[in-house]
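Structural features, examined
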Amino acid sequence: MILQIGTYLLVEKFILISIVLAISLLVAMYSTYAERKVAAVIQDRRGPNRAGPFGILQPLADGAKLFFKEEIIPSHSTRFLFILGPSLAMLTACMTGAVIPWGDSLHLGGHVVPLQVADVNIGILFIFGVVSLGVYGIMIGAWASNNKFSLLGGIRAASQIISYELAMGLSLIALLMLTGSLSLNDIVRQQHGFWKNGYFTWNFFRQPIGFLIFLVCAFAECNRTPFDLAECENELVNGYHTEYSSMKLGFYLFAEYVNMFISSAVMATLFFGGFNFPFMDHLGLSANWITILGVVALFVKTGFFIFLFMWVRWTIPRFRYDQLMKLGWKMLIPLALLNMVVTGGAALFFNH
Amino acid sequence: MQALTDRAVPVDRRPLNFWEKMYLPGIFRGMAITLKHIFRKKATINYPEEKRAFSPVFRGLQILNRDEEGRERCTACGLCAVACPAEAITMEAAERKPGEEHLYREEKYAAKYEINMLRCIFCGFCEEACPKDAIYLTETFAPSSFEREHFIYGKEDLLIPLPGEETKNPQA
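What comes next concerns the included structure. (Residues numbered from 1 in each chain as written. Chains lettered and ligands numbered in written order. Predicted model: local features only at pLDDT ≥ 70, side-chain atom pairs only at ≥ 80, totals over all residues. Heavy atoms only, no water.)

Some thoughts on the overall build of chain A
Under the convention used in this document: The way it works is that DSSP assigns letters per residue, a run of H or I at least four long becomes a helix, a run of E at least two long becomes a strand, and they are numbered from the N terminus. The globule rule used here is 2.2 Å times the number of residues to the 0.38 power, and the radius of gyration it is set against is calculated over C-alpha atoms. Remark: exposure states derive from per-residue accessible area (1.4 Å probe, protein chains only) relative to the maximum for the residue type, with buried under 20%, exposed over 50%, and partly exposed in between. Computed by Shrake-Rupley with a 1.4 Å probe, the accessible areas treat only the displayed protein chains as cover when residues are assessed. The convention is simple: Lys and Arg are positive, Asp and Glu are negative, and His and the chain ends are not counted. Where a charge lies is defined by one atom per residue type, namely NZ (Lys), CZ (Arg), CG (Asp) and CD (Glu).
When its secondary structure is counted, chain A shows 11 helices and 4 strands. A globule of 352 residues ought to have a C-alpha radius of gyration of about 20 Å, and chain A, at 21 Å, matches this closely. Taking the principal axes of its C-alpha atoms as reference, chain A extends roughly 60 × 60 × 50 Å. Sorting the 352 residues of chain A into buried and exposed places 51% on the buried side. With the model as given, the accessible surface of chain A reaches about 16700 Å², and the carbon-plus-sulfur share is 72%. Taken as two groups, the 22 positive and 19 negative side-chain charges of chain A have centres that lie 5 Å from each other.

With respect to the packing of aromatic side chains
All names here are of chain A. Formally: Centre distance within 6.5 Å is the pairing criterion for rings of Phe, Tyr and Trp, where only the six-membered ring of Trp is used; planes under 30 degrees apart are then read as stacked, over 60 as edge-to-face, and the remainder as tilted.
Across all of its chains, the model carries 25 aromatic pairs over all chains by this definition. Taking the centre distance of 5.3 Å and the plane angle of 45° together, the rings of Tyr164 and Phe227 count as tilted. Taken as a pair, Tyr164 in helix 5 (residues 148–179) and Phe227 in the loop between helix 7 (208–221) and helix 8 (233–236) lie far apart in primary sequence, 63 residues in all. There is no split in this pair, since Tyr164 and Phe227 are both buried. Ring centres of Tyr240 and Tyr252 lie 5.1 Å apart, and the angle between their planes is 80°; this geometry places the pair in the edge-to-face category. Here Tyr240, found in the loop between helix 8 and helix 9 (246–271), pairs with Tyr252, found in helix 9; they are 12 residues apart in sequence, far enough to count as distant. Among the aromatic residues, those joined into a ring-pair cluster are Trp202, Phe204, Phe205, Phe211, Phe214, Phe271, Phe272, Phe304 and Phe305.

Things to note about the interface of chain A and chain B
Put simply, the rule is: We call two residues contacting when some pair of their heavy atoms lies within 4.5 Å. Defined in terms of a 1.4 Å probe, buried area is the accessible area two parts forfeit on being brought together, summed over both. Basic side-chain nitrogens of Lys or Arg form a salt bridge, by our definition, when they fall within 4 Å of a carboxyl oxygen of Asp or Glu. The term polar contact refers here to a pair of N or O atoms within 3.5 Å; inside protein, the definition further demands a hydrogen-donor-capable atom paired with an acceptor-capable atom, and it admits residues adjacent in sequence only when both atoms are side-chain atoms. Amino acid classes used here: Ala, Val, Leu, Ile, Met, Phe, Trp, Tyr, Cys and Pro are nonpolar; Asp, Glu, Lys and Arg are charged; the rest, including Gly, are polar.
Listed by partner, the interface residues are 19 residues for chain A and 19 residues for chain B. Approximately 1700 Å² of surface area, both sides summed, lies buried where chain A meets chain B, with 65% of it carried by carbon and sulfur atoms. Three residues stand out in chain A for area buried against chain B, namely Asp44, Arg46 and Trp311 of chain A, and they jointly supply 35% of the buried area on that side. The tally of links between chain A and chain B comes to 1 salt bridge. For the salt bridge of Arg50 of chain A with Glu49 of chain B, the shortest nitrogen-to-oxygen distance reads 3.1 Å. Applying the counting rule to chain A against chain B returns 8 residue pairs in polar contact (both at pLDDT 80 or more). For the side of chain A that touches chain B, the secondary-structure elements that each account for two or more residues are helix 1 (7–42), helix 10 (287–313) and helix 11 (321–351) of chain A. Among the elements that make up the side of chain A that touches chain B, the one with the highest residue count is helix 10 of chain A (4 residues). Taken together, the residues that form the side of chain A that touches chain B break down as 12 nonpolar, 3 polar and 4 charged.

Brief notes about helix 7 of chain A
Every α-helix carries 3.6 residues per turn, so stepping three or four residues along brings you back to the same face. All names here are of chain A. Rules: Helix span, as expected, comes to 1.5 Å for every residue beyond the first.
In this model, helix 7 (14 residues) spans 20 Å end to end at C-alpha, consistent with the 20 Å of a helix rising 1.5 Å per residue. Burial within helix 7 is extensive, with 11 of its 14 residues counted as buried. Residues of helix 7 that are buried include every one of Gly210, Phe211, Ile213, Phe214, Leu215, Val216, Cys217, Ala218, Phe219, Ala220 and Glu221, and no others. Contacts from the buried residues of helix 7 go to helix 4 (123–144), helix 5, helix 9, helix 10 and helix 11. Looking one or two places after helix 7, you find Asn223, whose phi comes out positive at around 55°.

Some remarks on the side chain of Asp157 of chain B
Residues and elements named next belong to chain B. One can find Asp157 in helix 5 (residues 155–158). Note on Asp157: relative accessible area 9%, which makes it buried. Separated by 2.9 Å, the side chain of Asp157 and the backbone nitrogen of Gly154 make a polar contact.

Examining the packing of helix 5 of chain A against helix 7 of chain A
All names here are of chain A. Where we set the bar: Structural elements are reduced to axes, namely lines fitted to C-alpha atoms, with helices fitted over the stretch in contact, and the angle between N-to-C directions of any two is expressed from 0 to 180 degrees. Any angle between 65 and 115 degrees counts as roughly perpendicular, while under 35 counts as roughly parallel, over 145 as roughly antiparallel, and the rest as oblique. Definitions for this section: a left-handed crossing has its near helix turned counterclockwise from the far helix by less than a right angle. A right-handed crossing has that turn clockwise.
At a minimum axis distance of 9 Å, the contact between helix 5 and helix 7 shows a crossing angle of 155°. The pairing of helix 5 with helix 7 is recorded here as roughly antiparallel in orientation. In the crossing of helix 5 with helix 7, the sense of the turn from one axis to the other is left-handed. On helix 7, the residues touching Gln160, Ile161, Tyr164, Glu165, Ala167, Met168, Ser171 and Leu172 of helix 5 are Gly210, Ile213, Phe214, Val216, Cys217, Ala218, Ala220 and Glu221. Partitioning the contact of helix 5 with helix 7 into residue classes produces 11 nonpolar, 3 polar and 2 charged.

Digging into unusual backbone geometry
Residues and elements named next belong to chain A. With a phi angle near 60°, Asp44 is a residue other than glycine that sits in the positive phi range. Within the fold, Asp44 resides in the loop between helix 1 and helix 2 (58–68). Positive phi values are uncommon outside glycine, yet Ser246 reaches one of about 55°. As for its position among the elements, Ser246 is in helix 9. According to the relative accessible area criterion, Ser246 is buried, its value standing at 4%.

A short note on the packing of helix 7 of chain A against helix 10 of chain A
Residue and element names in this part refer to chain A. Relative orientation of the contacting elements helix 7 and helix 10 amounts to 65°, with a least axis distance of 12 Å. If you check the angle between helix 7 and helix 10, you find them roughly perpendicular. Of the two elements, helix 7 crosses helix 10, and the hand of that crossing is right-handed. For the pair helix 7 and helix 10, the contacting residues are Phe211, Leu215, Ala218 and Phe219 in the first and Phe305, Leu308, Phe309 and Val312 in the second. By residue class, the composition of the contact of helix 7 with helix 10 is 8 nonpolar, no polar and no charged.

Laid out in structure tokens, this is it:
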């Protein structure tokens, strides 16, 4: 069977994929700069301000530095897997952006261009699947390094992500009970506007506890402080990327920032209305303008969550390993289950 | 065991209560503190553009002084070198020839006068030891350099320039 895909659609999707990839990489690049800047202002310092005006060329300098570093592959490592690790981490980090609806549809000369690469009806499951693949990058790299600290870091990352994925999934089930759809596009469209029928339309106001659990789990999934036990310097040298150097190390670090961007975008999409913004129907602008403003709104929300990630990182210390496991299994999962039951009950009660 | 100071605070090892176990109140408190710090005045001074004011007693780079007629005051007595705890000062004396009276104040002068700025600890003992008011500590410091040799300051670096005369080393 020949798939009936028009050339036009192919070109459109190709351009969209390139733009999404470029934007995720650009945002990740500037997240490294933002991270250093946020760390600096929180610690009463100034941060990078020498490379270009306000130091905005700093990410380029960092990248160039990483490229020119010596590429070391330890002689006792498994060469193929050692290279596969960071590649996989980067690949999975970049794949998730495909199902996120970055904006409403644009109307360009009779064509309707949806600003979403793939509107799959199981968008959330896709994100879950790809994000859990991400840990393979860490595990493979850690195992291939043939170093005890790397291995310990990899094991920590794996067990942590398994533990927190459960709570994350459970918190989303409660949300899915309300939306009745796994498609991210549907979920965003249900949150149209800001205020309807005497209540907020955004899912955050229906599922605050679900959001909280999702947020905590997102921190754990991205291996960010306070859950960055996989790369905990004072115990494991540098965790899973101890043996890595040059751009392979850069890919690991970069994948973390891409992940952070994507999970911020997912949080904005699921709980904070995605590309919807208040008064979007009352501005009297054309549909294309509303779409463009919607994209801006999504990026503002995403930016806020990225800032939140950094703000938390530079505020609280790392959890101890037993505290991490206790929090995951004994607090978040029961809380998520309870939230699920209460949501189900409330949904039944209000529908009948 | 006897306490060493009266400021010792025993560590609170009570198990966390329910409120503390939720972590979130503590985290929010911490985040409020860090948020406050974002709007604080920065402690950093943008060094080359902006310089910190030195205290009035700051002891910096040495200079060799001249008298009112522009003659070198130093007589190479060596008291500064003796006083120097870091042994940073070396000098060679020479006798003033007839016709050099406008250059040197006394009959004896320092033909060579060197301070190793990597050894100098800027204690100011040379300034105190000098009977001729010839050496003073200024309010600048030795500029950085990639070469060790650049830190051995000779007379041409140390001597205060005559009015209208350019120094060889502009930083000295």
